[in-house]
Every structure is written in structure tokens, then in C-alpha cells.
Amino acid sequence: MSQNQFPHDRPLDPGVPLPPIAHARFNVGEVVRHRLFDFRGVIFDVDPVFANTEEWYDAIPESVRPRKDQPFYHLLAENADSSYVAYVSQQNLVTDDSDEPIDHPAIGGLFDKLDNGRYRLKQSHRH
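This write-up is about the structure you can find in this document. (Residues numbered from 1 in each chain as written. Predicted model: local features only at pLDDT ≥ 70, side-chain atom pairs only at ≥ 80, totals over all residues. Heavy atoms only, no water.)

**Section: the pattern of salt bridges**
This structure, assessed with the given rule, holds 5 salt bridges. A salt bridge links aspartate 96 to arginine 33, with the shortest nitrogen-to-oxygen separation between them at 2.5 Å. One end of the pair, aspartate 96, is in the loop between β5 (93–95) and α2 (107–110); the other, arginine 33, is in strand β1 (residues 31–34), and 63 residues separate them in sequence. You can call arginine 33 partly exposed: its relative accessible area is 29%. Two residues, arginine 40 and aspartate 96, come together in a salt bridge whose shortest N-O distance is 3.0 Å. Separated by 56 residues along the polypeptide, arginine 40 in strand β2 (residues 40–47) and aspartate 96 in the loop between β5 and α2 bring together distant segments of the chain. Looking at arginine 40, the relative accessible area reads 10%, which means it is buried. Its relative accessible area of 7% is what places aspartate 96 among the buried residues. Salt bridges here are not isolated pairs; linked through shared partners, they connect Arg33, Arg40, Glu78 and Asp96. (Salt bridge = Lys/Arg side-chain N within 4 Å of Asp/Glu carboxyl O. Helix = DSSP H or I, 4+ residues; strand = E, 2+ residues; numbered from the N terminus. Buried < 20%, exposed > 50% of the residue type's maximum accessible area, 1.4 Å probe, protein only.)

Okay, structure coming up:
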């Protein structure tokens, strides 16, 4: 193998700015609530910055459209009518302190029971 074969082995170009470092406020297994809309969920994945489609992003009304340069969270979500998967920006989430379980059919496949307000990943899903 030749040196510098992989892109991550190359030196940084001082003329190219590095992306900002985004810090996730929430963790996998935490129960959160949407700040504006009436739903809550458990986080099962985190993107450090926006990683969905432009069509999805453009469908959000401009008046409530979040910035892309922040963590986005994948939630097993529920509202009064249904359960679903949601993709939510960090600025639109708050901690849910209700200690109520999330009623989503996929919870049992990823998580063990709710413990102290947080779901624990099943052993088979931990890195």
C-alpha cells in the first residue's frame, strides 16, 4: 500500500475551513418532547448535522425551519393518535420529565425497559 492511499491519511489543507463541531445535548435512549408540536419520543440515533433530503427540509414551513448545522435526532415517536419515526433538530427538543413510557412498537426491538427516565439499548445493539 502506498502512503496517503486513504483520504483520512492526507494532511489537512489549511485553505479549507473545518466544519463547526456540533455537540449533541441528548443521548440515545433519552425520552424527549418536541418544543413546538405535541409529540414525544425516545432517541435511537443522532446525526451531528442535518442528514436528510432537501425535499424533506424544504417541506418545513420557513417560519419554523431549523438550522442545518446542529445535531438532528431520530426518534421512535408518539402522539395522541399514532406512533411513527420522527427526525427532529436539537433546537426543537426538550427533555421529557414525565417518566411515562413511550408506546411505540419498535421499542422492544432496540431497547430494554425504561429505567430512571431512560431506555437502555439492548446488548445486541451496543457498539
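**Notes on the pairing of β1**
The pairing of β1 with β2 spans 3 bridges and is classified as antiparallel. The partner of valine 32 across the bridge, within β2, is glycine 41. Between β1 and β2, which pair antiparallel one after the other, the connecting turn spans 5 residues. Strand direction decides the pairing type here: β1 and β5, joined by 3 bridges, are antiparallel. Its bridge partner lying in β5, valine 32 is registered against threonine 95. (Pairing = 2+ DSSP bridges.)

**Overview of the packing of aromatic side chains**
A full pass over the atoms with the stated rule returns 9 aromatic pairs. For the ring pair phenylalanine 72 and tyrosine 87, a centre distance of 5.2 Å and an interplane angle of 25° mean the geometry is stacked. Highlighted residues: phenylalanine 72 in strand β3 (residues 72–78) and tyrosine 87 in strand β4 (residues 83–89), separated in sequence by 15 residues. Counting every residue linked through ring pairs, the aromatic cluster contains Phe50, Trp56, Tyr57, Phe72 and Tyr87. In this structure, lysine 68 packs its charged tip against the face of tyrosine 57, placed 4.6 Å from the ring centre. (Phe/Tyr/Trp six-rings, centres within 6.5 Å; stacked < 30°, edge-to-face > 60°. Lys NZ or Arg CZ within 6 Å of the ring centre and 35° of its normal.)

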